[in-house]
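Breakdown of the fold
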Amino acid sequence: AHKLCMIPGPIEFHDDVLAQMATPATSHVDPSFIGEFGASLEMLRKIFKSAKGQPFIVAGSGTLGWDMVAANLVEPGENALVVNTGLFGDRFGECLQVYGAKVTHLHAPAIGAIPAHDEVVKAVKAQKYKVVTITHVDTSTGVLQDVKTLAKLIRDASPSTLVIVDGVCSVGGEDLDMDAWGVDVVLTASQKALGCPPGLCVVVASERAMQSFQTRVAPPTAYYASWAKWTPIMQAYEARKPSYFATPAVQTIKALHTSLQQLVAKPLAERYAQHVRISDHVKQTVLGWGLKLVPTDYAHAAHTLTAVYYPEGVAGPALLGALSGKGVVVAGGLHPKIAPTYFRIGHMGLSATHEAELKHIEQTLKHLESALREQGFAPKNATKAK
Ligand code: PMP
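Attention in this report is confined to the structure presented alongside it. (Residues numbered from 1 in each chain as written. Predicted model: local features only at pLDDT ≥ 70, side-chain atom pairs only at ≥ 80, totals over all residues. Heavy atoms only, no water.)

Remarks on the overall build of the protein
When its secondary structure is counted, the protein shows 14 helices and 14 strands. In terms of overall size, the protein behaves like a compact globule, its C-alpha atoms giving a radius of gyration of 21 Å where 386 residues would be expected to give roughly 21 Å. In the protein, the proportion of contacts linking residues at least 24 apart, taken out of those at least 6 apart, comes to 72%. Looking at the protein as shown, the accessible area adds up to about 15,100 Å², and 57% of this sits on carbon and sulfur atoms. (Helix = DSSP H or I, 4+ residues; strand = E, 2+ residues; numbered from the N terminus. Rg over C-alpha atoms; globule rule 2.2 N^0.38 Å. Contact = heavy atoms within 4.5 Å. Areas by Shrake-Rupley, 256 points an atom, 1.4 Å probe, with all protein chains shown as cover.)

Here's what the structure looks like:
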């Protein structure tokens, strides 16, 4: 039997999305597919709120978005600042370095914390950075960054620096407005709050980022990740014309098309508010039991997942094993320094926004509570049996 997949991505998918994965072989230049691809690119502009940005949908995962930023926007020897709130900042920095960037990390003062805003300003004033990267939600710590405020501070302090957002664990679940906030690139993946199976890297680059790309001196330092290759392809699909550079993941893009249609069918603000409500419900429940969150302050805890420490005396593998035995899969810890001490519950997309699927969260909390009891922990304010 299928176990509920309540990890921070891949998430539970809608049946209509899944059905697209089982469609017959279709040419990547079939007019019906071109129409779906083109419409998906247009919907991305709405979701990322980038009227004139360039969207990309390329087979790969979120990680490919880092390669795209590194290979297309940073020339070897240029400086990159990573505003680091967890493992995914470490990894983005590692990727930038592979392409020859000089990477500086501005680390949060503690795991689960965020760097002080004046430290960010000080850093971007201290030397010239081509890009500053911000992880909107770091999936390893459950920390949410205030991208709106940070982007403004960075642009005010260093107008030519490109503001790059890793939105893998946020896009579709956390408020985002590229145009209003002055964000240059947002990269994400299909398998989280966009509600599609894994397999697609999704990126939107602002007009300013594309200008920076077009005026770079040396050619991009990658082949498959090169925007020189992909930009004409995306423009062709949007113009509903056939084109080819490398074969797109036809079925996965059809699935994305369906999930994006569901996403834009309702106001985005409503969707984000639903994520806040579900997140508060999960967090208040586990806090009520006496557990402790990984984010050091509730105000910067993400709304797409909850990262929470195991209570004292409860062994992680036993608890997660017991929960899985009850049909619910959550994720263990990921941050290398504290991995064995905490776990993560994903609550984005379908499970946060569709009436029928809200029961996913109830089932998760109910079974988690009984698994905790079986492991010898007595939750303080246990939920009343319904
Ligand atoms: N950034 C963040 C914030 C992530 O959560 C992840 C995946 N968990 C990635 C990047 C990498 O994405 P992917 O696993 O799809 O390559």
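Next comes the rest of the write-up.
A closer look at the site of the ligand
In the vicinity of the ligand lie 13 residues, with Ser-61, Thr-63, Thr-139, Asp-166 and Lys-192 positioned nearest. At a separation of 2.6 Å, an oxygen atom of the ligand approaches a polar side-chain atom of Thr-63. In this structure, a nitrogen atom belonging to the ligand sits 2.7 Å away from a side-chain N or O atom of Asp-166. Against a free-state accessible area of 390 Å², the protein chains account for coverage of 86% of the ligand. Top element by residues in the shell around the ligand is helix 3 (residues 62-73). It accounts for three residues. When its residues are assigned to classes, the shell around the ligand shows five nonpolar, six polar and two charged. (Near = heavy atom within 4 Å. Polar contact = N/O pair within 3.5 Å; in protein donor to acceptor, adjacent residues only side chain to side chain. Nonpolar A, V, L, I, M, F, W, Y, C, P; charged D, E, K, R; others polar.)

A few points about the pairing of strand 11 (residues 305-309)
The buried fraction of strand 11 amounts to five of the five residues, a majority that puts the element mostly inside the structure. Residues Leu-305, Ala-307 and Tyr-309 of strand 11 are buried on one face, and the alternating residues Thr-306 and Val-308, pointing to the opposite face, are buried as well. (Buried < 20%, exposed > 50% of the residue type's maximum accessible area, 1.4 Å probe, protein only.)

Some thoughts on the sheet that holds strand 10 (residues 200-205)
The strand order across the open sheet formed by seven strands is 2-10-9-8-5-3-4, and the pairing between neighbours is mixed. Either end of the sheet is taken by a strand with one partner, and the two such strands are strand 2 (54-59) and strand 4 (102-107). Across the sheet, the mean angle separating the axes of adjacent strands is 20° when strand polarity is ignored. Pairing analysis gives four bridges linking strand 3 (residues 79-84) to strand 5 (residues 131-135), with the strands arranged parallel. From the neighbouring strand, Val-83 faces strand 5, where its bridge partner is Ile-134. Here helix 3 sits on the sheet and contacts strand 2, strand 8 (162-166), strand 9 (185-189) and strand 10; the angle it forms with strand 9, its principal contact strand, is near 150°. (Pairing = 2+ DSSP bridges. Axes fitted to C-alpha atoms, helices over the stretch in contact; angles between N-to-C directions.)

Some points on the packing of aromatic side chains
What describes a pair of aromatic rings is the distance from one ring centre to the other and the angle between the planes of the rings. As enumerated under the stated definition, the model contains twelve aromatic pairs in all. Considering the side-chain rings of Phe-213 and Trp-227, the 5.8 Å spacing of their centres and the 75° angle between planes classify their relative orientation as edge-to-face. Here Phe-213 is found in helix 8 (residues 207-214), whereas its partner Trp-227 is found in helix 9 (residues 227-238), with 14 residues between them in sequence. For Phe-213, a relative accessible area of 9% translates into the label buried. A relative accessible area of 0% places Trp-227 in the buried class. An aromatic cluster of three or more residues is present, and its members are Tyr-223, Tyr-224, Trp-230 and Phe-245. (Phe/Tyr/Trp six-rings, centres within 6.5 Å; stacked < 30°, edge-to-face > 60°.)

Side note on unusual backbone geometry
Residues Gly-9 and Pro-10 are joined by a peptide bond in cis, for which omega reads -5°. Its location among the elements puts Pro-10 in the loop between strand 1 (4-5) and helix 1 (15-20). Although it is not a glycine, Lys-49 adopts a positive phi angle of roughly 55°. Of note, Lys-49 is situated in the loop between helix 2 (31-48) and strand 2. Here Arg-240, not a glycine, exhibits a phi torsion of approximately 60°, which is positive.

Describing the state of the cysteines
On inspection of all chains with the given rule, the structure shows zero disulfides. Sulfur of Cys-196: no disulfide; nearest cysteine sulfur belongs to Cys-201 and is 13 Å away. Summary of cysteine pairing: Cys-201 is not part of a disulfide, and the nearest cysteine sulfur, belonging to Cys-95, is at 11 Å. For Cys-201, a relative accessible area of 1% translates into the label buried. (Disulfide = S-S within 2.5 Å.)

As for the sheet that holds strand 13 (residues 331-332)
Taken in spatial order, the three strands make up an open sheet running 11-14-13, and their pairing is antiparallel. Since the sheet does not close on itself, it has two edges, and those belong to strand 11 and strand 13, each with one partner. Bridge analysis of strand 13 against strand 14 (residues 342-346) gives two bridges, and the strand direction is antiparallel. Bridging across to strand 14, Ala-331 finds its partner in Arg-344.

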